[in-house]
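Remarks on the overall topology
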Amino acid sequence: MRRAGRRKSKVEFCKEQARLFPTVDDERIEDTMKTIMEPQKEVPVFEEADVIIVGGGPAGIGAALASARNGAKTILIEKFGALGGMQTHAMSSTFSLIDPAIQGGVITDVINRLRADGGILRDASPRTRQAAFSSTSFDCEVYKAMLDDMMAEAGVKLLYHTSGVGAIKENNALKGIFIECIQGRFVILGKVIVDSTGNADIAWKSGTACMDDGHGKGPKAGRHMGFGCRLYISGVDADKFAKFKKENPEEWAGLYGGKSIVRKAKAEGRYHGYREGLIIHTRKPGIAMIEGFNSPLAQGHHGWMIEDVTAGEIDLRKQVWSAFRLIKENVPGFEHASVEKTGTIPIFRDTHRILGEYILSEEDIYKGRAFDDSIAVSNMGPDIYGPDEEHVYEVVRPHDIPYGCLVSRETDNLLAAGSTISADFYAFAADRYCAPSMCTGQAAGTAAALAAKLNVTPRQLDVKLLQDALRTQGARVSVKDIPKDVLEEYETRFEKNRNIDDV
Ligand SMILES: Cc1cc2nc3c(=O)[nH]c(=O)nc-3n(C[C@H](O)[C@H](O)[C@H](O)COP(=O)(O)OP(=O)(O)OC[C@H]3O[C@@H](n4cnc5c(N)ncnc54)[C@H](O)[C@@H]3O)c2cc1C
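1. Remarks on the overall build of the protein chain
Looking only at helices and strands, one finds 15 helices and 23 strands in the protein chain. Computed over the C-alpha atoms, the radius of gyration of the protein chain is 23 Å, within 12% of the 23 Å expected from 2.2 N^0.38 for a compact globule of 503 residues. Along the three orthogonal principal directions, the C-alpha set of the protein chain runs to about 65 × 60 × 45 Å. In the protein chain, buried positions account for 56% of the 503 residues. Pairs at least 24 residues apart make up 73% of the contacts formed inside the protein chain by residues separated by at least 6 positions. Approximately 20900 Å² of the protein chain is accessible, and the part contributed by carbon and sulfur atoms is 52%. If you average the places of the 64 positive and of the 70 negative side-chain charges in the protein chain, the two averages end up 3 Å apart.

Listed below in structure tokens is the structure:
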């Protein structure tokens, strides 16, 4: 091995690896790294496919099922040993704002199958058009096994414990990806690659322009949403806790409960956490799920810099144990509780997204804008965590997600899905959620299969053909397709919660 070149800063490396849009700040420009040249070597081709899907979260699930159902030879690779992405690895086992008038196709199949398999823990669908927020929760383990079956039934080739670590690029077009797994390093060749990694890992590592913009406004401009996680506690007497909550409504009525317990413990220096209360759900016998943990990211720190991720993970673990002790000591029903599990990964929230042909904007989602090239509808509003302790959720109108948000602006044969689509900070904070992710996944998988079949790039694909294929599969393609009475219900919900002149 030989050393190469002069020492470079970590930020310079990031800029070279993938040009960010806008550019990253240079806070750590002094933090330099030396370099080593990696020797060239022959890499065996593991498999050839029409469509390669990288990442098996809600977006990858939608993409893989849609691609295979549209006749493409489809391979789905996933870094961990189960599908579901953050839904299973970080235990966000929730689909928020499910409404069959807004989402359809693969997501409907998935939820119906979960219901048939006894995996739904709480079905909130009927309230969606009235409530500012409502969620359908499910059992992670039922979900994992069910998804294995659904992939096999659709004919998707699945590789677990396999990471996409780069792409093969010729003249600005992707031809395949490099993978690493326990068996070694290989290549998978494919006609279209769907990056559904949640952080545009393939786009980023192949040198494709990505976006990394944090908060757009005010003193927090440029800062990112913090890391989060969920905690499961076992040995809980849910009835005793419910009785206690009922007897103390002023303390436990809202989303965040136990405010005075948290306040007192903070004042006495016995609590490590940033929020002013605790969110406790009891959906399974003997089990409580605690959420609301948030580790802030300072200016110049990012969800894609590994030292920041490590610091966030350690901080979250401190918060989790601090909250657990507080609950066990102070909340009736938790006297015999123990920590059951935390997620394999934290909630990363905003890292990279591809720079697409179109960048979905805050204004688009508040105004409920329709696009001629729309491929999915979303009813989700920005759900913004941090960068400090605050959490803001805003109601928007049902809005279109155009195909241009899925198509890389500069690299051919690359499509984004889910939380990697091209959107500004506020539109991303909304449409990163599970339901829109599965729907944009379905659109990306269908587009990839059609492009492979017709031997065109995703950019050259006739959008009308894609929209027709999606409608045939039950997907809702545009707000223009949504019945008037449904849109009116959403309009009432919007007016109740938000004044459009604010945008
Ligand atoms: C604790 C928590 C609470 C949440 N609450 C809600 C909620 O109430 N409602 C809601 O709708 N959403 C919620 N979310 C958000 C939601 O889970 C995500 O926005 C959604 O999962 C995004 O889907 P995705 O498929 O784009 O990405 P992800 O779910 O992040 O999936 C990406 C997948 O790609 C894999 N991967 C990454 N890189 C590679 C690689 N290089 N090679 C191979 N595989 C790779 C990952 O392992 C992962 O499985 C929550 C998230 C968390 C963590």
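2. A word on the domain arrangement of the protein chain
Split into domains, the protein chain comes out as domain 1 (9–218 + 350–503) and domain 2 (226–342). Placing a centre on the C-alpha atoms of domain 1 and another on those of domain 2 gives a separation of 29 Å.

3. Structural notes on the pattern of salt bridges
Under the criterion given, the structure shown has 26 salt bridges. Notably, a salt bridge pairs Asp109 with Arg69, separated by 2.7 Å at the nearest N-O pair. With Asp109 in helix H4 (residues 106–116) and Arg69 in helix H2 (residues 58–69), this pair connects stretches of sequence that are 40 residues apart. Here Lys240 makes a salt bridge to Glu335, at a shortest N to O gap of 3.1 Å. Note that Lys240 is positioned in helix H7 (residues 238–247) and Glu335 in the loop between helix H10 (306–330) and strand S17 (338–342), a separation of 95 residues in sequence. What you see here is one network of salt bridges that share partners, running through Glu363, Asp364, Lys367 and Arg369.

4. Looking at the environment of Gly381
Turning to its location among the elements, Gly381 is positioned in the loop between strand S19 (374–378) and strand S20 (383–385). Between the C-alpha atoms of Gly381 and Ala423, which are 42 residues apart in sequence, the distance is 13 Å. In contact with Gly381, not counting residues within four places along its chain, are Tyr393, Glu394, Val396, Ala429 and Ala430.

5. Observations regarding the side chain of Ser374
Residue position: Ser374 is located in strand S19. Using a relative accessible area of 0% as the deciding quantity, one classes Ser374 as buried.

6. Description of the nonpolar core
In this structure, Phe95, Tyr143, Ile177, Tyr403 and Leu415 are the most contacted members of the largest nonpolar core, which totals 99 residues. For this core, the leading source of residues is helix H13 (residues 434–454), giving eleven residues. If we ignore the near neighbours within four places in the chain, the residues touching Ile177 are Ile52, Val54, Ile77, Gly166, Ala167, Ile168, Phe186, Val187, Ile188, Ile193 and Ile202. Among the nonpolar cores identified, the runner-up in size contains 28 residues, and Val236, Ala288, Ile290 and Phe334 belong to it.

7. Remarks on the sheet that holds strand S6 (residues 94–96)
Pairing between the strands of a sheet comes from backbone hydrogen bonds, and it takes one of two forms, parallel or antiparallel. With respect to topology, three strands assemble into an open sheet ordered S6-S8-S7, the strand pairing being antiparallel. Edge positions in the sheet fall to S6 and strand S7 (120–122), since each has one partner strand and no second. Strand-to-strand twist of the sheet, defined as the mean angle between neighbouring strand axes without regard to direction, takes the value 30°. In terms of strand pairing, S7 meets strand S8 (residues 135–138) through two bridges, oriented antiparallel.

8. Some details on the packing of aromatic side chains
Under the definition given, this model contains twelve aromatic pairs. Consider the rings of Phe138 and Tyr143, whose centres lie 4.3 Å apart with planes at 45°: the pair is tilted. Considered together, Phe138 and Tyr143 belong to a single accessibility category, that of buried residues. Relative to Trp252, the ring of Phe241 lies with its centre 5.4 Å away and its plane at 85°, an arrangement referred to as edge-to-face. On the criterion of sequence distance, the pair formed by Phe241 in helix H7 and Trp252 in helix H8 (residues 249–252) is long-range, its members being eleven residues apart. Residue class for Phe241 comes out buried when judged on its relative accessible area of 1%.

9. A word on the site of the ligand
Neighbouring residues of the ligand: 32 residues in total, closest Glu78, Ser96, Asp201, Ser419 and Arg432. Here Pro58 contributes a backbone N or O atom positioned 3.2 Å from an oxygen atom of the ligand. One of the backbone nitrogen or oxygen atoms of Ala59 is found 2.9 Å away from an oxygen atom of the ligand. About the coverage of the ligand: the protein hides 95% of its 1000 Å² of free accessible area. Going through the elements one at a time, H2, helix H3 (86–89), S6, strand S10 (162–170) and H13 are the ones with two or more residues in the shell around the ligand. Classifying every residue of the shell around the ligand gives ten nonpolar, 17 polar and five charged.

10. Quick notes on the environment of Ser408
Tracing the backbone through its elements, the reader meets Ser408 in the loop between strand S22 (399–402) and strand S23 (414–416). Each C-alpha atom, one on Ser408 and one on Ala209, is 8.2 Å from the other, the two residues being 199 residues apart in sequence. Apart from residues no more than four positions distant in its own chain, Ser408 is found in contact with Thr208, Ile354, Leu355, Gly356, Glu357, Leu414 and Arg459. A distance of 3.0 Å separates a polar side-chain atom of Ser408 from the backbone nitrogen of Thr411.

11. Looking at the pairing of strand S11 (residues 173–181)
With eight bridges joining them, S10 and S11 adopt antiparallel strand pairing. Across the sheet, the residue bridging to Thr162 is Cys181, located in S11. Where S10 folds back on S11, the antiparallel hairpin that results is connected by two residues, among which Asn171 adopts a positive phi of roughly 45°. Examined bridge by bridge, S11 and strand S12 (residues 184–195) share six bridges and lie antiparallel to one another. For Ile179, the partnering residue across the bridge sits in S12 and is Phe186.

Definitions and limits used
- Residues numbered from 1 in each chain as written.
- Predicted model: local features only at pLDDT ≥ 70, side-chain atom pairs only at ≥ 80, totals over all residues.
- Heavy atoms only, no water.
- Helix = DSSP H or I, 4+ residues; strand = E, 2+ residues; numbered from the N terminus.
- Rg over C-alpha atoms; globule rule 2.2 N^0.38 Å.
- Buried < 20%, exposed > 50% of the residue type's maximum accessible area, 1.4 Å probe, protein only.
- Contact = heavy atoms within 4.5 Å.
- Areas by Shrake-Rupley, 256 points an atom, 1.4 Å probe, with all protein chains shown as cover.
- Lys, Arg positive; Asp, Glu negative; His and termini not counted.
- Charge placed at Lys NZ, Arg CZ, Asp CG, Glu CD.
- Domains from an automatic or database assignment.
- Salt bridge = Lys/Arg side-chain N within 4 Å of Asp/Glu carboxyl O.
- Core = buried A, V, L, I, M, F, W, Y, C linked by side-chain atoms within 4.5 Å.
- Pairing = 2+ DSSP bridges.
- Axes fitted to C-alpha atoms, helices over the stretch in contact; angles between N-to-C directions.
- Phe/Tyr/Trp six-rings, centres within 6.5 Å; stacked < 30°, edge-to-face > 60°.
- Near = heavy atom within 4 Å.
- Polar contact = N/O pair within 3.5 Å; in protein donor to acceptor, adjacent residues only side chain to side chain.
- Nonpolar A, V, L, I, M, F, W, Y, C, P; charged D, E, K, R; others polar.

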